[in-house]
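Survey of secondary and tertiary structure
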Amino acid sequence: GGLVLGIISNAQFYTPLMLEGFLASSLADLGFDAQCCAWSYRLLEAKPSTRIYEEALAGLKRAHDIKPSEVLYVGNDVRNDIWPASLTGCRTALFAGDARSLRMRKDDPRCAEVVPDRVVTDLRQITENILFPDRY
């Protein structure tokens, strides 16, 4: 098959609804598999806890037989995205294309040794990272 998309989000109950409103489509129609999405408001646990990642990874394994090492997790926050995703075995890409949302967390000692597998500055680079991982 093709790519499987999921979302791991520190979200309020209305976040998925807002996304669908902004994108004028349901998340399912946009290609996101609900079994591979994890929302903090449902789990009552938030990033950087790995539990929220483990929930989405369990859905990927159950529904698509995808292992964490086959996942590219993309996020803009070293502490809340890259660190926990790497702890659960995912490959990681730090999105550094928007200075307003980029969170390097240099003041957090837990992040001192955290290095993403990739840094992307344009979302189109994500497809290249997935399809041609050995080039980067």
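Described below are features of the structure shown in this document. (Residues numbered from 1 in each chain as written. Predicted model: local features only at pLDDT ≥ 70, side-chain atom pairs only at ≥ 80, totals over all residues. Heavy atoms only, no water.)

So, on to the sheet that holds strand β3 (residues 72–75). One open sheet accounts for three strands, arranged β3-β4-β5; its pairing is parallel. Strands with a single pairing partner mark the edges of an open sheet, and in this sheet they are β3 and β5 (118–120). Shown here is a sheet whose adjacent strand axes are inclined to one another by a mean of 25 degrees, direction ignored. By the bridge criterion, three bridges tie strand β4 (residues 91–95) to β5 in an arrangement that is parallel. Along β5, the bridge assignment pairs F95 with V120. The sheet strands contacting helix α4 (residues 78–87) are β3 and β4, and the helix crosses β4 at an angle near 165 degrees. (Pairing = 2+ DSSP bridges. Helix = DSSP H or I, 4+ residues; strand = E, 2+ residues; numbered from the N terminus. Axes fitted to C-alpha atoms, helices over the stretch in contact; angles between N-to-C directions. Contact = heavy atoms within 4.5 Å.)

Formally, a disulfide is one covalent bond, and it connects the sulfur atom of one cysteine to the sulfur atom of another. Within the structure shown, the criterion is met by zero disulfides. Not engaged in a disulfide, the cysteine C36 finds its nearest cysteine sulfur in C37; these two sulfurs lie 6.9 Å apart. (Disulfide = S-S within 2.5 Å.)

Looking at the secondary structure, you find L60 in helix α3 (residues 50–64). Along the primary structure L60 and V71 are separated by 11 residues, whereas in three dimensions their C-alpha atoms are 9.1 Å apart. Sequence-distant contacts of L60, that is, excluding residues within four places in its chain, are made with V4, Q35, C36, D65, I66 and V71.

Here the focus is the environment of P84. Looking at where P84 falls in the secondary structure, it is placed in helix α4. Assessed through its relative accessible area of 0%, P84 is described here as buried. Taking the C-alpha atoms as reference points, P84 and V114, separated by 30 residues in sequence, lie 9.7 Å from one another. Dropping the residues within four chain positions of it, P84 is found in contact with P48, T50, Y53, V78 and R79. (Buried < 20%, exposed > 50% of the residue type's maximum accessible area, 1.4 Å probe, protein only.)

Under the criterion given, the structure shown has two aromatic pairs. Relative to Y14, the ring of F13 has its centre 5.4 Å away and its plane inclined at 80 degrees; by these criteria the two rings are edge-to-face. Residue class for F13 comes out exposed when judged on its relative accessible area of 57%. You can call Y14 partly exposed: its relative accessible area is 37%. (Phe/Tyr/Trp six-rings, centres within 6.5 Å; stacked < 30°, edge-to-face > 60°.)

Let us now look at the pattern of salt bridges. Tallied over the entire structure, the rule returns nine salt bridges. Residue R100 is joined to D98 by a salt bridge in which the shortest nitrogen-to-oxygen separation is 3.4 Å. Overall, R100 belongs to the exposed group, its relative accessible area being 70%. (Salt bridge = Lys/Arg side-chain N within 4 Å of Asp/Glu carboxyl O.)

What follows covers the pairing of β4. Taking burial as the measure, the five residues of β4 include four buried ones, the bulk of the element. The pairing of β3 with β4 spans four bridges and is classified as parallel. Directly across from L72, in β4, lies its bridge partner R91. Handedness of the β-α-β unit built from β3, α4 and β4 comes out right-handed. (Right-handed = clockwise from strand over helix to strand, strands pointing away.)

Everything listed here is a matter of coordinates, which is why it stays silent on function.
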